[in-house]
Amino acid sequence: MVKRYLFYTAGDYDKTPETGGSKRFYELLKYLIEQGNEVFLIAPEDIKLPRWENLHLIPVKTYHSKIFPNGFLNLIFNWRTIRKASRIPVDKTVLFSVVYGIQGVLAGMPNIVLLLREDLIDYQLYRRVKNKYFFILKVFFYRLIEYITFRNIEKIIVQSHYDKAVLLKRHSVIHEKISDKTEVLINNVNASWMLFSENLVRKIPVQPKGDYHFIFTGNFHSERKGASIVLAAVNSLLQDGFPICLFLLGGGKLRKTYEEEYKNRDRIIFLGYQTDPLKVISRVDLLIVPSLADSCPNTVLEGLYLKIPVIGTNRGGIPELLKEPELLFEPDVSSLKEKLKDIIENNKFELLRQKCIKRSDELNFDWSSKLVQMIDA
């Protein structure tokens, strides 16, 4: 049965940096359209998407400010357009993130299903704060819009049981209401953008000879991704004489700080932003995910898809992705150093790879189909 859906994004898919959330947004959108459904999309007029016959673009302008929240600027200056779109008879409104959720609630969008791709508040805790009072006010504001949004939408879909537990704890006043309307769908390894890299999937055992090649991939916008942990741990191992090469992928304001700090280490190599990170990741002996907070990092899924060894912190939703205790470590320098030392000295690369292959097989499923079933239920 053909259904009608309303989507909303302020990203143009061209100038806006690609994220795991934007990739999933496009994957779901494409799936619904290819299934013959009608999709009404509120988005910038120059959004870089195919012009499918059953995709109806509702153009809006986007605004950016260093002072005011961009989401509310976009809502205020596009109010008439968004309100008009909200009156379109649809079966479901699908919104990604609380920022869009509150706009949908205020604009009166019908039957809102909120797909939470990140913890809006928890992620803020790892940013460098210049003014603590402004930070406290910001967190209070985010809690308020979460509260209003969660009370007034139909359903919430999160990426991990950890995320659901955090929301229930944070909003104890409406604990039962949130619990009843929240479902969990972990992400899959066979996402559409990964399938283009099928030729990169490792088919032979990991048996390093000589140097050990490790990789970190993530942004350097804040401390949340844990780059400082992996840098310090590897630097300490280099001082102890271990022949490691660490590659770091990604950009962000803290990258130059780290580059300066480790400029005398020629075995610590910053590669910057990569348009095809899987090509680089596929060549290493070990992927390290030292996140201090993460719901369901695509980096882990990409490593699992490529069938290379992946280790990560026991924080956020990472333990739900990796499961095996041997693939996890505490998010601190000493724990990671001991983990890496143990892997090298006991040659555990292939052992860990086999555990990752097993988990990869378990996470191979039709994500879009399962998600649409949840949305429509």
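Before going into details, it helps to say that this report is about the structure given with it. Everything numeric here is computed off the predicted structure, so don't read it as measured data.

### Remarks on the pairing of strand β4 (residues 92-96)
Burial within β4 is extensive, with 5 of its 5 residues counted as buried. Pairing of strand β1 (residues 4-8) with β4, which is carried by 3 bridges, proceeds in the parallel orientation. Bridge pairing links F7 to V94 in β4. Relative to strand β5 (residues 112-115), β4 runs parallel, the two sharing 4 bridges. Bridge pairing in β5 links F96 to L115. Chirality of the crossover, the property in question, places the unit of β4, helix α4 (residues 98-107) and β5 among those that are right-handed.

### Comments concerning the packing of aromatic side chains
Aromatic ring pairs are defined here through the distance separating the ring centres and the angle between the ring planes. Tallying each qualifying case throughout the model produces 12 aromatic pairs. When the ring of Y8 is compared with that of Y100, the centres are 5.0 Å apart and the planes differ by 75°; the resulting orientation is edge-to-face. Note that Y8 is positioned in strand β1 and Y100 in helix α4, a separation of 92 residues in sequence. Its relative accessible area of 18% is what places Y100 among the buried residues.

### Examining helix α14 (residues 333-345)
Given a rise of 1.5 Å per residue, 13 residues ought to cover 18 Å, and the 18 Å separating the end C-alpha atoms of α14 matches this to within 8%. The set of residues buried in α14 consists of L336, K337, K339, L340, I343 and I344. Looking straight down α14, one finds that the buried residues subtend no more than 165° of arc, so they occupy a single side. Exposed side chains of α14 directed beyond 90 degrees from the buried face belong to S334 and E345.

### Details of the nonpolar core
Core analysis: the largest hydrophobic core is formed by 89 residues, its most contacted members being F7, L28 and F214. The element that contributes the greatest number of residues to this core is helix α9 (residues 227-239), accounting for 8 residues. When residues no more than four places from it in sequence are discounted, the contact partners of F7 are F25, L28, L29, L32, V39, F40, L41, I42, V94 and F96. With 35 residues, the next largest nonpolar core counts L6, Y100, I102 and F150 among its residues.

Cut-offs used in this document
- Residues numbered from 1 in each chain as written.
- Predicted model: local features only at pLDDT ≥ 70, side-chain atom pairs only at ≥ 80, totals over all residues.
- Heavy atoms only, no water.
- Buried < 20%, exposed > 50% of the residue type's maximum accessible area, 1.4 Å probe, protein only.
- Helix = DSSP H or I, 4+ residues; strand = E, 2+ residues; numbered from the N terminus.
- Pairing = 2+ DSSP bridges.
- Right-handed = clockwise from strand over helix to strand, strands pointing away.
- Phe/Tyr/Trp six-rings, centres within 6.5 Å; stacked < 30°, edge-to-face > 60°.
- Expected span 1.5 Å × (residues − 1).
- Arc of directions from axis to C-beta.
- Core = buried A, V, L, I, M, F, W, Y, C linked by side-chain atoms within 4.5 Å.
- Contact = heavy atoms within 4.5 Å.

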